[in-house]
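# Summary of structural features
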Amino acid sequence: AKEAGRGGFCFYAGEMNAQAHRRLDLENGLRRALAEGQLEVHYQPQVSLADGRVSGVEALVRWRHPRDGMIGPAEFIPIAEETGLIVPLGEHVLRTACKQLADWDRRGLVVPRLAVNLSARQFRQPDLADRVCRILDEIGLSSSRLELEITESTVMRDADDSVETLRRLRARGISVAIDDFGTGYSSLSQLKRLPIDTLKIDRSFIEGIPGSAEDVAIVGAIAAMARSLGLKLVAEGVEHPAQRDFLRTVECEEAQGWLFGRPLPADVFVCNHASGRAV
Ligand code: C2E
Ligand code: CA
Ligand code: CA
Ligand code: CA
C-alpha cells in the first residue's frame, strides 16, 4: 500500500483500517459496557388511537459510552448479534425493563404492557421460553404484561421451528408481535399459520402517509388483513397528525412515534406521561 504512493489508494486503505479498528473497539467495549452497566434502556410510549391512552411502552437499548457519548442500537446490535453478546445483552434489557415496569406498578403509574425486542439469535435458543419466564418470576411480573417483538425476517427464516417457539411462548402467556412487518416478504398463508398477537407495520410505509397513494393502499390492506386474522395492529414511526388521522380511519388500534413521544430514560418518561394521556 505504501508504494502505491498516490493519495487515492493510501487514503482508502486508511479508511478501511479505521473502520475495522472502530469495529474491534466496539466489540471489546461492548463486553465492558455490559459488565460495567453502560447500557441503558429508554422507553417509548405506544398509544391507543381510540382514546389516546398509553397502552404500552417499547424498551429500546442505548449505550452511554464513557468517551464517545450515546451510541444507538443500529451501530452495536449487529456486532452483538455476530459475537453472541446479544444473548446476555438482550437478557439485560429484558430484566432491566421488567424491573422498571414493576417499579412503575408499585408507584401507581399505569403502563399496561411492556414490549421488548428479541434478536434472531435469542429467538433460536431452544430454552427461550424458560429463560424469559425465569426472569419474569425473579421479578414477580405476570407474563401477560410482556410482548416480545420479533422481526418478520427472523420469524420467516425457519417457519416451522418458529411456529413451535411461538407456541411455547404463548403457552406461557407471553404475547408476540411481528416487528417491521411488510419488509420481509411473508405470504398470507405463512402469516396465517403463525401463532402471534400483533403486527407492527414498518415505519417505511407510514412515512408516505397520506401523500403516497401506494402507501395509503398498502397500510389500508395490512389493516384489513390484520383485522380478518384477528391480530392487533400497531403503526410505528408516526410523526404527523395526518398520519394518526389516517390510521384512525383504517381502524389501526395503536401507534408509536415521535408524535406521541420519543424514547426516553425512565425518569423523564414518567414526567412526560404520568397523566396517562399522550394524544
Ligand atoms: P425497532 O424495533 O424498529 O424500533 C423502532 C425504532 O424507530 C427505534 O430506533 C425508535 O427510536 C425509532 N423511532 C420511533 N419513533 C420514531 C419516529 O416517529 N420517527 C423515526 N424516524 N424513528 C422513530 P432505535 O431506538 O435507534 O432502535 C433501532 C433498532 O435497534 C430497533 O428498531 C431494534 O431493531 C433494535 N433494538 C433496539 N433495542 C434493542 C434491544 O434491546 N434488543 C434488540 N435485539 N434490538 C434492539
Ligand atoms: Ca421493535
Ligand atoms: Ca419496528
Ligand atoms: Ca423498523
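Residues numbered from 1 in each chain as written. Chains lettered and ligands numbered in written order. Predicted model: local features only at pLDDT ≥ 70, side-chain atom pairs only at ≥ 80, totals over all residues. Heavy atoms only, no water.

## Topic: the coordination of the calcium ion (ligand 2)
Here the calcium ion (ligand 2) is held by the protein donor atoms Glu58 (OE), Asn117 (OD1), Glu149 (OE) and Asp179 (OD), which lie 2.2 to 2.3 Å from it. Written as a sequence motif, the donor residues of the calcium ion (ligand 2) are E-x58-N-x31-E-x29-D. Separating the calcium ion (ligand 2) and the calcium ion (ligand 3) is a distance of 3.8 Å, and Asp179 donates to both of them. Of this pair, Asn117 sits in strand E4 (residues 113-117) while Asp179 sits in strand E6 (residues 175-181), and the two are 62 residues apart along the sequence. For Asn117, a relative accessible area of 27% gives the class partly exposed. (Donors = N, O, S within 2.8 Å, 3.2 Å for Na, K, Ca; no water. Helix = DSSP H or I, 4+ residues; strand = E, 2+ residues; numbered from the N terminus. Buried < 20%, exposed > 50% of the residue type's maximum accessible area, 1.4 Å probe, protein only.)

## Topic: the coordination of the calcium ion (ligand 3)
Coordination sphere of the calcium ion (ligand 3), protein contribution only: Asp179 (OD), Asp180 (OD), Glu236 (OE) and Glu236 (OE), at 2.1 to 2.8 Å. Along the chain, the residues donating to the calcium ion (ligand 3) are arranged with the sequence spacing D-D-x55-E.

## Examining empty space enclosed by the protein
Inspection of the entire model under this criterion finds two cavities of 30 Å³ or more. Quantified by volume, the largest cavity comes out at close to 70 Å³. Around the largest cavity sit Gly90, Glu91, Leu94, Val116, Leu118, Gln122, Gln125, Leu128, Arg131, Val132 and Leu148, which together line it. Going through the elements one at a time, helix H3 (86-106) and helix H5 (128-139) are the ones with two or more residues in the lining of the largest cavity. By residue class, the composition of the lining of the largest cavity is six nonpolar, three polar and two charged. (1 Å grid on protein atoms, 1.4 Å probe; cavity = no way out; pocket = protein on both sides within 12 Å on 5 of 7 lines; lining within 4 Å. Points joined across faces, edges and corners; volume = space filled by probe spheres on them. Nonpolar A, V, L, I, M, F, W, Y, C, P; charged D, E, K, R; others polar.)

## As for the pairing of strand E5 (residues 146-151)
Within E5, five of the six residues are buried, which leaves it mostly tucked inside the rest of the structure. In this sheet, E5 lies alongside E4 in parallel orientation, the contact comprising four bridges. When the bridges of E5 are listed, Ala115 appears paired with Glu147. Summarising the sheet, E5 and E6 pair through five bridges and their orientation is parallel. Bridge assignment links Ile150 to a residue of E6, and that residue is Ile178. (Pairing = 2+ DSSP bridges.)

## With respect to the site of ligand 1
As a structural note, the neighbourhood of ligand 1 is formed by 21 residues, with Gln44, Arg62, Arg203, Glu239 and Trp258 the closest of them. Contact between ligand 1 and Gln44: a nitrogen atom at 3.0 Å from a side-chain N or O atom of the residue. Within the contact set of ligand 1, an oxygen atom lies 2.8 Å away from a backbone nitrogen or oxygen of Trp258. When the free accessible area of ligand 1 is taken as 800 Å², the share hidden by the protein chains comes to 82%. Looking at the shell around ligand 1, the elements with two or more residues in it are strand E2 (54-65), helix H2 (73-83), H3 and E6. (Near = heavy atom within 4 Å. Polar contact = N/O pair within 3.5 Å; in protein donor to acceptor, adjacent residues only side chain to side chain. Areas by Shrake-Rupley, 256 points an atom, 1.4 Å probe, with all protein chains shown as cover.)

## Notes on the pattern of salt bridges
For the structure shown, the criterion picks out 27 salt bridges. Notably, a salt bridge pairs Arg248 with Asp245, separated by 3.8 Å at the nearest N-O pair. Taken together, the residues Arg248 and Asp245, both in helix H11 (residues 241-249) and three residues apart, mark about one turn of the helix. Three or more residues joined by partner-sharing salt bridges are found here, namely Arg22, Asp25, Arg67, Asp68 and Glu75. (Salt bridge = Lys/Arg side-chain N within 4 Å of Asp/Glu carboxyl O.)

## Here's the deal with the state of the cysteines
With the rule as written, the count across this model stands at zero disulfides. A disulfide-free cysteine, Cys98 has its sulfur positioned 10 Å from the sulfur of Cys133, the nearest such atom. The exposure class of Cys98 is buried, given its relative accessible area of 0%. (Disulfide = S-S within 2.5 Å.)

## Observations concerning the packing of aromatic side chains
Across all of its chains, the model carries three aromatic pairs by this definition. Measuring from ring centre to ring centre gives 5.2 Å for Tyr43 and Trp104, while their planes differ by 70 degrees; the resulting arrangement is edge-to-face. Of this pair, Tyr43 sits in strand E1 (residues 39-48) while Trp104 sits in helix H3; the two residues are 61 residues apart in sequence, bridging distant segments of the chain. The interplanar angle of 90 degrees and the centroid separation of 5.7 Å between the aromatic rings of Trp63 and Phe76 together place this pair among those described as edge-to-face. Taken together, the residues span a long stretch of sequence, with Trp63 in strand E2 and Phe76 in helix H2 at a distance of 13 residues. Overall, Trp63 belongs to the buried group, its relative accessible area being 0%. Among the aromatic side chains, those forming a connected cluster through ring pairs are Tyr43, Trp104 and Phe269. (Phe/Tyr/Trp six-rings, centres within 6.5 Å; stacked < 30°, edge-to-face > 60°.)

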